[in-house]
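Chain by chain, the residues:
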Amino acid sequence: MRLFTPFHMNSTGLGRERLRAAGVKLPADEEILTGAAFRERYLLPLARLEELSGVVVEGARVIAIARDGFTKARTGSRAGSPFLLRIQGARDARLERADAVIDASGVYATPNATGPSGLPADGEERIQEHLESHLPDLPGEARPRYAGRRILLVGDGRSAATAVADLDELVRSGGEGAKTRVDWVHRARGGSAFAPIPRTELEQLPVLRELDQRAGRIVRESSWLRRHEGATILAYRAIPSGAIEVTLSDPPGKERRFEVDRVLALVGYRPDLSLFRELQIHLCYASEGPMALAAAILGAQGSDPASGKGCLDQVAHGPESLKNPEPDFYVLGAKSYGRNPNFLLSLGHRQIEDVMTLLGAAEPRLNAAAR
Ligand SMILES: Cc1cc2nc3c(=O)[nH]c(=O)nc-3n(C[C@H](O)[C@H](O)[C@H](O)COP(=O)(O)OP(=O)(O)OC[C@H]3O[C@@H](n4cnc5c(N)ncnc54)[C@H](O)[C@@H]3O)c2cc1C
């Protein structure tokens, strides 16, 4: 899918400088790339830079992190001890030591559940092969899984709006695509279909403005889309025909059942807290982001979730906000926001600069505008 921020917001001056010096032709500052093109034209060339040779370990996964010689409960001079990381490679697991750890593992590996009040619906674990929780490439690779099928779409954020726009293309493309039918379960929002996009974002990010208008129009005009506003998903049951029987509770509390072939659940993500379970991390009780940063975010935008503040209103809160009770352990990127979805790549770039000053690898920035 297309990113909604232009290339200059998704890259850093330092990154662009290094790539130009290496002879890489970069996108224009205002260019809107797809996620795939951003990876191909910026992230992969960065990872291949000569100065990073031997540093990037591909095909490896950090399973758990601890402080060498300490259990979670043991206090004392943890700062003097290295971290111990269990790393799963393609063939075997190994232990590595590190003086500092930056956990920038994002949130996409742990999607939210689709049932009542954040719980899984009954039977949700048993229909996983029919359920997707990431935006599929509907015009491309995912087309055969969706064309002509009965789909349950869950969620009302930007990903759900993008899915509605892509499903509209699929239906218009004719052939099997024209037979696609969608049941859409989303929160009651007093008549509006999708979660409102903050005004600053609509004004400054044309991709979001177009998406908002287009998805709204499709919802009003399309006969292939049936809305279940404010309904709760109670249960899924795989039936012998290979379909899924879905049980919903409509707002007056009336149950209704229908069959679908696939579930597309775009209901957000949460951080995987198991990685640092052995460390001393103080987490926010609401967002599951590290407490110091969560408190700074809350202080800046107030506790009213309806304040209308979105990702463009976010600011970096400086190095102190990134510190944890566990010395030299930092959570950066989307994971640092926990369940709060208002994260942008540009914020992550500032966090990295801040952590580098804490690690003594860079001078503190005096002029925030220079970032
Ligand atoms: C549909 C969609 C569109 C978006 N569009 C934009 C946009 O236009 N602009 C914008 O600024 N933001 C956008 N965002 C938000 C964007 O995803 C984040 O800003 C950005 O990806 C966060 O980067 P990150 O590095 O923190 O996490 P990620 O991009 O999720 O990267 C985390 C990485 O860590 C790896 N990883 C996870 N666990 C482990 C482990 N245990 N061991 C080793 N590696 C691990 C993952 O494989 C992944 O490569 C969008 C999000 C979505 C869902």
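Model, not experiment: these values are computed from the prediction.

Undergrad: Teacher, can you tell me more about the site of the ligand here?
TA: Within the structure, the ligand sits among 17 residues, and F4, T5, V62, Y108 and L345 are positioned closest to it. Between the ligand and V62 there is a distance of 2.8 Å, counted from a nitrogen atom to a backbone nitrogen or oxygen. Residue L345 places a main-chain N or O atom 2.8 Å away from an oxygen atom belonging to the ligand. For the ligand, whose unbound accessible area comes to 980 Å², protein coverage reaches 67%. Here the residues of the shell around the ligand are counted per class, giving eleven nonpolar, five polar and one charged.

Undergrad: Any chance you could explain the pairing of strand 7 (residues 181-186) here in plain terms?
TA: In regular strands, side chains alternate between the two faces of the sheet. Most of strand 7 sits inside the fold, with five of its six residues counted as buried. Alignment of strand 6 (residues 150-154) against strand 7, held across five bridges, turns out to be parallel. Directly across from I151, in strand 7, lies its bridge partner V182. Tracing the backbone out of strand 6, into helix 5 (residues 158-172) and back to the parallel element strand 7 gives a crossover that is right-handed. Here strand 7 runs beside strand 8 (residues 225-229); their pairing, made up of five bridges, is parallel. Across the sheet, the residue bridging to H186 is E229, located in strand 8.

Undergrad: Looking at this model, I keep getting lost on helix 9 (residues 345-358). Mind explaining?
TA: Helical periodicity: at 3.6 residues per turn, an α-helix aligns residues three or four positions apart in one direction. Compared with an ideal rise of 1.5 Å per residue, which puts 14 residues at 20 Å, helix 9 spans 20 Å between its outermost C-alpha atoms and is within 8% of the ideal. Those residues of helix 9 that fall on the buried side of the exposure criterion are S346, L347, G348, H349, Q351, D354, V355 and T357. The inward-facing, buried residues of helix 9 contact helix 1 (7-10), strand 4 (101-103), helix 8 (291-301) and strand 13 (329-331). G360, located one to two residues past helix 9, shows a positive phi value of around 80 degrees.

Undergrad: Help me out: how do you make sense of helix 2 (residues 13-21) in this one?
TA: Looking at helix 2, one finds that the buried residues are G15, R16 and L19. In an axial view of helix 2, the angular spread of the buried residues amounts to 95 degrees, which keeps them on one side of the axis. Within helix 2, the exposed residues directed more than 90 degrees away from the buried face are L14 and A21. Residues of helix 2 that are buried make contact with helix 1 and helix 3 (35-47).

Undergrad: Would you take a moment to explain the sheet that holds strand 5 (residues 131-132) for this structure?
TA: Adjacent strands of a sheet pair through backbone hydrogen bonds, lying either parallel or antiparallel. Strands sit in the order 5-12-6-7-8 across an open sheet of five strands; the sheet is parallel. In this open sheet, the two strands that pair with only one neighbour each are strand 5 and strand 8.

Rules and cut-offs
- Residues numbered from 1 in each chain as written.
- Predicted model: local features only at pLDDT ≥ 70, side-chain atom pairs only at ≥ 80, totals over all residues.
- Heavy atoms only, no water.
- Near = heavy atom within 4 Å.
- Polar contact = N/O pair within 3.5 Å; in protein donor to acceptor, adjacent residues only side chain to side chain.
- Areas by Shrake-Rupley, 256 points an atom, 1.4 Å probe, with all protein chains shown as cover.
- Nonpolar A, V, L, I, M, F, W, Y, C, P; charged D, E, K, R; others polar.
- Buried < 20%, exposed > 50% of the residue type's maximum accessible area, 1.4 Å probe, protein only.
- Helix = DSSP H or I, 4+ residues; strand = E, 2+ residues; numbered from the N terminus.
- Pairing = 2+ DSSP bridges.
- Right-handed = clockwise from strand over helix to strand, strands pointing away.
- Expected span 1.5 Å × (residues − 1).
- Contact = heavy atoms within 4.5 Å.
- Arc of directions from axis to C-beta.

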